[in-house]
Amino acid sequence: MSSLEHLVNNSPLYQQHAQSPQGQNAQWYGRADSAKLPQDGYFLTGNKTPGFGGGSSPYGFVMQNGNVLGRVKL
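Note that the coordinates shown come from a computational prediction; the quantities given were computed from them, not determined experimentally.

Rules used throughout
- All residue numbers refer to position in the chain's written sequence, counted from 1.
- Selection of residues for local features in this predicted model requires a pLDDT of at least 70, selection of side-chain atom pairs for listing and counting requires 80 or more, and totals for whole chains, interfaces and linings are taken over all residues.
- Only heavy atoms go into the side-chain values, all of them from the structure, while hydrogens and water stay out.
- Here, strands pair whenever DSSP counts at least two bridges between them.
- Each helix corresponds to a stretch of at least 4 residues labelled H or I by DSSP, and each strand to a stretch of at least 2 residues labelled E; elements are numbered beginning at the N terminus.
- Orientation is described by axes fitted as lines to C-alpha atoms, over the contacting stretch for helices, and by angles from 0 to 180 degrees between their N-to-C directions.
- Working definition: rings of Phe, Tyr and Trp (its six-membered ring) pair if their centres are within 6.5 Å, and the pair is stacked with planes under 30 degrees apart, edge-to-face with planes over 60 apart, and tilted otherwise.
- For every residue, the accessible area (1.4 Å probe, protein chains only) is compared with the maximum for its type, and the residue is labelled buried under 20%, exposed over 50%, or partly exposed between those bounds.
- Whether a charge sits over a ring comes down to the Lys NZ or Arg CZ being within 6 Å of the ring centre and within 35 degrees of the ring normal.

This next bit is on the sheet that holds strand 3 (residues 59–64). Judged by pairing direction, the sheet is mixed, and its four strands sit side by side in the order 1-2-3-4 without closing on themselves. With one partner strand each, in any of the chains shown, strand 1 (7–9) and strand 4 (67–73) form the two edges of the open sheet. Strand-to-strand twist of the sheet, defined as the mean angle between neighbouring strand axes without regard to direction, takes the value 30°. Judged from the three bridges that link them, strand 1 and strand 2 (residues 41–45) form a sheet pairing that is parallel.

This paragraph deals with the packing of aromatic side chains. Counting across every chain of the model gives two aromatic pairs. Seen from their ring centres, Trp28 and Tyr59 are 5.6 Å apart, and the 65° between their planes marks the pair as edge-to-face. In this pair, Trp28 sits in the loop between helix 2 (21–24) and helix 3 (31–34) while Tyr59 sits in strand 3, placing the two residues 31 residues apart along the sequence. Judged by its relative accessible area of 35%, Tyr59 falls in the partly exposed class. One Lys or Arg, Lys73, reaches over the ring of Tyr59 and ends 5.2 Å from the middle of that ring.

Without other data, these values stay purely geometric and don't point to any function.
In C-alpha cells, the structure reads:
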C-alpha cells in the first residue's frame, strides 16, 4: 500500500462515492496496483453510514482529480 500521506479521511465524500454508480462499479485495486498510485492520486476513506454499522471503513477509493479510479481494502 502507498504511504498514509496519501490517505484522506472524509466521511461525507466517502459515503457519497460509496452510494454512486461510479463507486459501486469501480474495479478493485490490489496491493500491486496500489503501489502504482498516480502522482496526484490519493486514497479516500471515511466512516460507514449507520445502515452499514457505522465506524471506520476498512475500504476506500483510489481517487484522482475527484474521480474514482478503483476500490481498495486499506
